[in-house]
Amino acid sequence: MNKESRVNIETLNISPLVWYKAIKYANDMARDVGNCIDKNSSFESWLNQGTIEHDNIQIANDYLEGVLSEHNNQIQNDYIYKVAFVDRYKIKHICVDIEDLQLHPSYENQEITYIFEVQSLIHYSLYHLQNWLLFSTEFHQKRWILFMKFLLTKTTGTDGELCRIFWNMLLVRLDLSLKHYADNSQYKTFSEYNEYLERESAEVWDKFIKIRDSKGC
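None of these values were measured; they are calculated from a predicted model.

What follows concerns the environment of Ile94. Counting through the fold element by element, Ile94 comes out in strand S3 (residues 92-95). Once the C-alpha coordinates of Ile94 and Ala84 are considered, the two residues, 10 residues apart in sequence, prove to be 4.3 Å apart.

Quick look at the structure:
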C-alpha cells in the first residue's frame, strides 16, 4: 500500500454509531429549523425522495480538475437516477435510462435532462468523505466535495437552506468525534469546509433565530 493510501487508524476505530448519530443530529436539526421557517417544508421527504435536474451527466466543476486520471471513470454513471426529454408537443417524458429513452417513440434527438436522486448524492458524498478521512486520498477528497457542492448549488428555496444546515451540522458533529486527523493538511481541509458551511448557512440560522424569537417555534 502506498503512502497516500495508509489507513488512519483513529478514524478506522470510529464506531458506525458515531456516523449514525452525526447524520441523525444533522437531519434532526435541519428538520426542526425547517418546521420553524416554513411549515410546509418536509426536509426528510426531500432527503428521501427529492431529485435534482441537470443538463449534463458530468457534475464536475473547475475545482475537480486534476483528479487522478486512473480514477476519472470509477463511478461514471453510477449516480444517475433517471433521464428526461420534452417532445415536440412540449410533453415531458421521464425514462429509466438512456437506452429506454432512445427507444421512446416520441424521442427525436431532443435535449436530455439528467435527474439525480438526492439520497444517492448524499450517499456518494458521505461514502467518499469517510474514505477520505480513512485514507486521505486526493480522489476521495475531491469526490465528497463534488457531490456536496453539487447538492448545495443545485438546491434552491427552503430545501436549499435546510441542505446547508444539514451539512453544517454534520461536519460540526463529526469534528467533535474525530480526535485525530491523518495529518495537518487533512485537518486544514476539513476545517476550511467546516468554515465554508458555517458561512453558507449563516443567513439561514439568522432567519431561524428571528422567527423563533418572534413566534416561539
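Turning our eyes to something else, we now look at the sheet that holds strand S2 (residues 80-86). Within the open sheet, the four strands sit side by side as S1-S4-S2-S3. Their pairing is antiparallel. The open sheet has two edge strands, strand S1 (51-54) and S3, and neither has a second partner. The average undirected angle you get between the axes of adjacent strands in this sheet is 30°. The pairing of S2 with strand S4 (residues 113-117) spans four bridges and is classified as antiparallel. The residue bridging Ala84 from the neighbouring strand is Thr113, located in S4. Its contacts with the sheet put helix H5 (residues 118-135) on S1 and S4, and the angle it makes with S4 is roughly 65°. Across the face of the sheet, helix H6 (residues 138-154) comes into contact with S1 and S4 while running at roughly 85° to S1.

To continue, consider the nonpolar core. A general feature of soluble globular proteins is that nonpolar side chains tend to end up buried together. Counting residues in each nonpolar core, the largest one holds 57 residues, and the members touching the most others are Leu151 and Trp167. Top element by residues in this core is helix H7 (residues 157-177). It accounts for nine residues. In contact with Trp167, not counting residues within four places along its chain, are Ser125, Leu126, Met148, Leu151, Leu152 and Leu197.

Rules used throughout
- Residues numbered from 1 in each chain as written.
- Predicted model: local features only at pLDDT ≥ 70, side-chain atom pairs only at ≥ 80, totals over all residues.
- Heavy atoms only, no water.
- Helix = DSSP H or I, 4+ residues; strand = E, 2+ residues; numbered from the N terminus.
- Pairing = 2+ DSSP bridges.
- Axes fitted to C-alpha atoms, helices over the stretch in contact; angles between N-to-C directions.
- Contact = heavy atoms within 4.5 Å.
- Core = buried A, V, L, I, M, F, W, Y, C linked by side-chain atoms within 4.5 Å.
- Buried < 20%, exposed > 50% of the residue type's maximum accessible area, 1.4 Å probe, protein only.

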